[in-house]
Structures are given as C-alpha cells and as structure tokens.
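As a plain string of letters, each chain reads:
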Protein chains: 2
Amino acid sequence: MLSYTEENYLKAIYHLSNAGERLVSTNELAETMQTKPASVTDMAKKLSAKNLIAYEKYYGVNLLKSGKQEALQIIRKHRLWETFLVDKLGFTWDEVHEVAEQLEHIQSGLLIEKLDKFLEYPTVDPHGHPIPDPSGKIKEVKQIPLAEFPVYKKCTIRAVKNGSPSFLQYLSKIGIYIDASVSIVDKVEFDGSLEVSIDNKKRVFISREAAQNLMVTG
Amino acid sequence: MLSYTEENYLKAIYHLSNAGERLVSTNELAETMQTKPASVTDMAKKLSAKNLIAYEKYYGVNLLKSGKQEALQIIRKHRLWETFLVDKLGFTWDEVHEVAEQLEHIQSGLLIEKLDKFLEYPTVDPHGHPIPDPSGKIKEVKQIPLAEFPVYKKCTIRAVKNGSPSFLQYLSKIGIYIDASVSIVDKVEFDGSLEVSIDNKKRVFISREAAQNLMVTG
DNA sequence: ATTATTTTTTAGATTAATCTAAACTTTTAT
DNA sequence: ATAAAAGTTTAGATTAATCTAAAAAATAAT
Ligand SMILES: [Mn+2]
Ligand SMILES: [Mn+2]
Ligand SMILES: [Mn+2]
Ligand SMILES: [Mn+2]
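How each quantity is defined
- Residues numbered from 1 in each chain as written.
- Chains lettered and ligands numbered in written order.
- Predicted model: local features only at pLDDT ≥ 70, side-chain atom pairs only at ≥ 80, totals over all residues.
- Heavy atoms only, no water.
- Least-squares fit on C-alpha atoms with pLDDT ≥ 70 in both.
- Contact = heavy atoms within 4.5 Å.
- Near = heavy atom within 4 Å.
- Polar contact = N/O pair within 3.5 Å; in protein donor to acceptor, adjacent residues only side chain to side chain.
- Helix = DSSP H or I, 4+ residues; strand = E, 2+ residues; numbered from the N terminus.
- Salt bridge = Lys/Arg side-chain N within 4 Å of Asp/Glu carboxyl O.
- Buried < 20%, exposed > 50% of the residue type's maximum accessible area, 1.4 Å probe, protein only.
- Donors = N, O, S within 2.8 Å, 3.2 Å for Na, K, Ca; no water.
- Buried area = accessible area lost by both parts, 1.4 Å probe.
- Nonpolar A, V, L, I, M, F, W, Y, C, P; charged D, E, K, R; others polar.

The two copies are related by a screw operation: chain B maps onto chain A through 180 degrees of rotation and 0.0 Å of translation along the axis, at an RMSD of 0.1 Å. Viewed as a symmetry operation, the transformation between the two copies matches a two-fold axis. It is Leu103(B) whose C-alpha, among those of chain B, lies nearest the rotation axis, at 3.8 Å. Here 100% of the interface residues in chain B have copies in chain A that are interface residues too; the copies meet face to matching face.

Structure follows, in structure tokens:
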C-alpha cells in the first residue's frame, strides 16, 4: 500500500506530465510538492523501485502503467468528494479542494463505490473536471478556451482550467458558472479582453487571462 | 496541530480512562494501540509536554482538560461519519467503524459543521453511542445492560457496548437492532442465558455475555 | 522483610520523509 | 570549445514513530 506522500507524488506527476504525455523535472515536481529537489530525488528512487514511475537520473520522471492507474484512482476519489461537498453539503466550489486533498487518501473501495452511487454516478466535478470511472477511464470532451472561441457565437462554460479559490470566487461574483450559456459580444484588440453575455441576461468584462482559463464547448 | 498518531492516543486514553475517570496504564494503552510499552512511554512524554495529558512515571496517564476536549472532537467526528455512512450511503453498522477511523482525522471545521447539518444534528451514532455536540458536551442517558433488566418488563435496545463487527453481524442476524422493543421472557438460572422477545413478534435465545453488551432503557 | 514477578522506562537502532550543503551533470552562453 | 549557469544528485543530519534488549521501579509472594 502507498503512503499518503507517495500518493501525492503520483498525483502531482500525473498532472504535471499531462496524464503521462511528457517527462517531469525534479524542480517542477519540487515546486508543486512544496518541497526541495533533494527530497524529490529520494522519492523518485522509491517510486521507481516500486515500478510506479520511470526515473532517469538527471532527466526526469514519468508514470508507468501502474503509477498512472494509482494516480487516476486518487483523482477519482478527489473529484467524487468535491462533488459530494458541493452537491450534498452545500460547499461552494472555491471551498472544496483543500478538504478533498485530505479525503482523497481515505482507503476504502466500498466507500467510493457507495459514494459514487449516492451521487448518482457523476461524470464531472464542481469545476467541470472529468471523474475517472472505476477502472480509471476518463471521458475526454473537446473543449477550448473561451478566449479562442469565435465572437457572437453561443457556447457553454464547461470547466475552469485554473481552479484557484480566488479565481473561482471572482467567477461567482461576476455570475459565471459551469453550464452557463455565454457569448462574446466584444473583443478588445488592444489587450484581448472580452465583453461576455451570460445567459442573454447580463454582460461582464473579463481579461484575456480569465478567458483563457474558461473552457467551453460550442 | 496534532498528528494522526497523537489523536489516536488521546482517543484511546479517553475510552480506557472512562472519559477521564481513572488512570490508564502503559500496558493497557500499548494493548489497545497495538504497539509496545516502550512506544507508549515515548508518546506519554510527548503528549505530556504538550499539556494534553498528565503523566506520572510508573503510574500511568490521564487526560488534562485540553486533551479531553481534543478527544471529544475526534469522537464527535468519528460518530458523525459513522452516522453518515449508515444513514446516507447505506453501509451496515458492522462496516463503518474501520472507515470512520480514517475519516475522523480529516481536518476541517466547516466540513463537520455541514455534515452535522446534513445529517440533521443526530444525537447518537449507528451503535447507539452519543455524539458530542460542537462544544464537546455529551448527553448522557441512563442505560443498563439487558442482562440486568427485570424479566417480563418491556425495554428498548439503545446501544451496544461491544461494537465488534462479529457481534454486530450476529445481532443483525437474530433480529436485534437499535430501538427494538424487547422483553426477557425466560432467564436460565444455570448460565444466565436469556430468551428474548423482539417487537412481540420473534423470540431468540442469547447468552449472558451478549445480554451484557446490549444496553437498554425501560 | 527479602525475594521473585510484573510493569515500566531507558538506551540505542530503524524507517519514512524531510532538510542543507557540497558535488556532479546538463544546458546555455560566450 | 570552453566557461558559466542552471539543474540534479549525493552525503550526512533531523524529526516522528516505532522497535528490541537491558535496566529500573513497583507490586506480589514467600
Ligand atoms: Mn480539487
Ligand atoms: Mn476539482
Ligand atoms: Mn466506531
Ligand atoms: Mn460507533
């Protein structure tokens, strides 16, 4: 069985490698794990010895099949718990991540099975992120940043890319939420900022930066 | 903040000392913590240094006010989670303890507050054990073992004393549950075993041992 | 009141996760 | 191509939680 720390490393590698697509450097990993590169090297050796990651000295790490599978299970738990916290307990979407960071480590297959059922098998979490199924499979949907969507055309907010509490709070404040129907009504050439219509009811100005962190489908 | 291990020690001391009533010996504590006396001594020193317990060398430990308060908060969380698992997720009462042992360590005041509300402020857990209120207060109710209750008189099952999965499964199997209305219809002088009527519908024989672990009110 | 037994503590190791500082390798710049 | 800079690893400590074996104290038995 994996330790709390090992699980967190696998999850971080999963995200940083973009689901296993590319190598992750020691420094990158140290940054996200809020630790020192020397500690990362130690852990890289340990996870490598357990055949969870591929580690090449001086070049970086990436997930092996079993490591990826473990990471996906932790992400599944994380996102199911976030969904529970929002849908059942009335948390706001900016409050859940920190708590889910703890809950994702609870070890009980039965618990996750029953939680999934209780939530009626959700496919996305409160941030629009897909929830891996019991076998770790993720249903990918093609989404693009609002910043790259054509003007005047309607689209639906599907997910946030950056899920930081401050960004989420800002979105709530200006009235943007998952599944909102929006369209770009004006695009400022100068700085790329947008005027966005939400549900044909309300208009707000958002920065290019913000628009790049809002994922939409047509 | 307390470590996972420190929390478990405080909880164990709480239970073994009967809520702080009497001293707990090193060996006792080692037994329930599934560890060696030498380790207990180390932890006793640490918790004592943090002013959570009173520790007198060679004589034992007991909770100080702050240690008792910490223990009660952990017990509150444990019992709220057990209630959640049974009432909302459909766990059986013999499946919940192990999972609650993990969940009780999740650190989030907001989570417990919201969970409590979601469960509609329960006062007892699935085993009939009282849930401390947010300030740690427990509503004590006078209960006696079924073994000591007068024959022919009706009483209500309120709690189990021993909550081991095998005992709980046995009780389910013979039809005994929390809030069941029972009466002793026969008492065997020889071994103290009882014939019990459940809800005026069903009769079962139980050992004196079992009857001593069923707490009832008249 | 000694002696024997039981209980508890201390001393010294071990393992996981972390750190700092020094050494080493790779990458970038001249 | 060499030197400088950046990134990574190694060596050696540290802290929390644990252990075994030996020493010490308390309790029980003669
Ligand atoms: Mn999250
Ligand atoms: Mn999320
Ligand atoms: Mn329990
Ligand atoms: Mn219980």
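With that out of the way, let us pick up the protein's contact with DNA strand C. The immediate surroundings of DNA strand C are formed by 22 residues, with Ser3(A), Thr35(A), Lys46(A), Thr41(B) and Tyr55(B) found nearest. Between DNA strand C and the protein, one listed contact pairs a phosphate oxygen with a side-chain N or O atom of Thr41(B) at 2.6 Å. Here Lys57(B) contributes a side-chain N or O atom positioned 2.8 Å from a phosphate oxygen of DNA strand C. Taken together, the elements giving at least two residues each to the surface near DNA strand C come down to α1 (4-16) and α3 (37-49) of chain A together with α2 (26-32) and α3 (37-49) of chain B. The leading source of residues in the surface near DNA strand C is α3(A), at five residues.

Residues and elements named next belong to chain A. Under the defined criterion, the tally for this structure stands at 14 salt bridges over all chains. Among the ionic pairs, Arg76 bridges to Asp116, the shortest N-O distance being 3.1 Å. On the criterion of sequence distance, the pair formed by Arg76 in helix α4 (residues 65-87) and Asp116 in helix α6 (residues 109-118) is long-range, its members being 40 residues apart. Like Asp116, Arg76 is buried. Ionic contacts of the salt-bridge type, sharing partners, join the residues Lys11, Glu101 and Glu104 into one network.

In this section: the coordination of the manganese ion (ligand 3). Residue and element names in this part refer to chain B. Within the protein, the atoms that donate to the manganese ion (ligand 3) are His78 (NE2), Glu82 (OE) and His97 (ND1), at distances of 2.0 to 2.1 Å. Separating the manganese ion (ligand 3) from the manganese ion (ligand 4) is a gap of 3.5 Å, bridged by Glu82, which donates to each. Taken together, the positions of His78 in helix α4 (residues 65-87) and His97 in helix α5 (residues 96-103) put the pair 19 residues apart, joining distant regions of the chain. A relative accessible area of 7% means that His78 is categorised as buried. Look at His97 and you get partly exposed, because its relative accessible area is 40%.

With 20 residues of chain B at the contact, the number on the chain A side is 20 residues. Approximately 1,600 Å² of surface area, both sides summed, lies buried where chain B meets chain A, with 76% of it carried by carbon and sulfur atoms. Of all residues in chain B, Leu89(B), Gln102(B) and Lys114(B) give up the largest surface area on contact with chain A, accounting jointly for 30% of the area buried on that side. There are zero salt bridges connecting chain B and chain A. The interface formed by chain B and chain A contains four residue pairs in polar contact (both at pLDDT 80 or more). Per-element accounting of the side of chain B that touches chain A gives the leading share, five residues, to helix α6 (residues 109-118) of chain B. Taken together, the residues of the side of chain B that touches chain A break down into twelve nonpolar, five polar and three charged.

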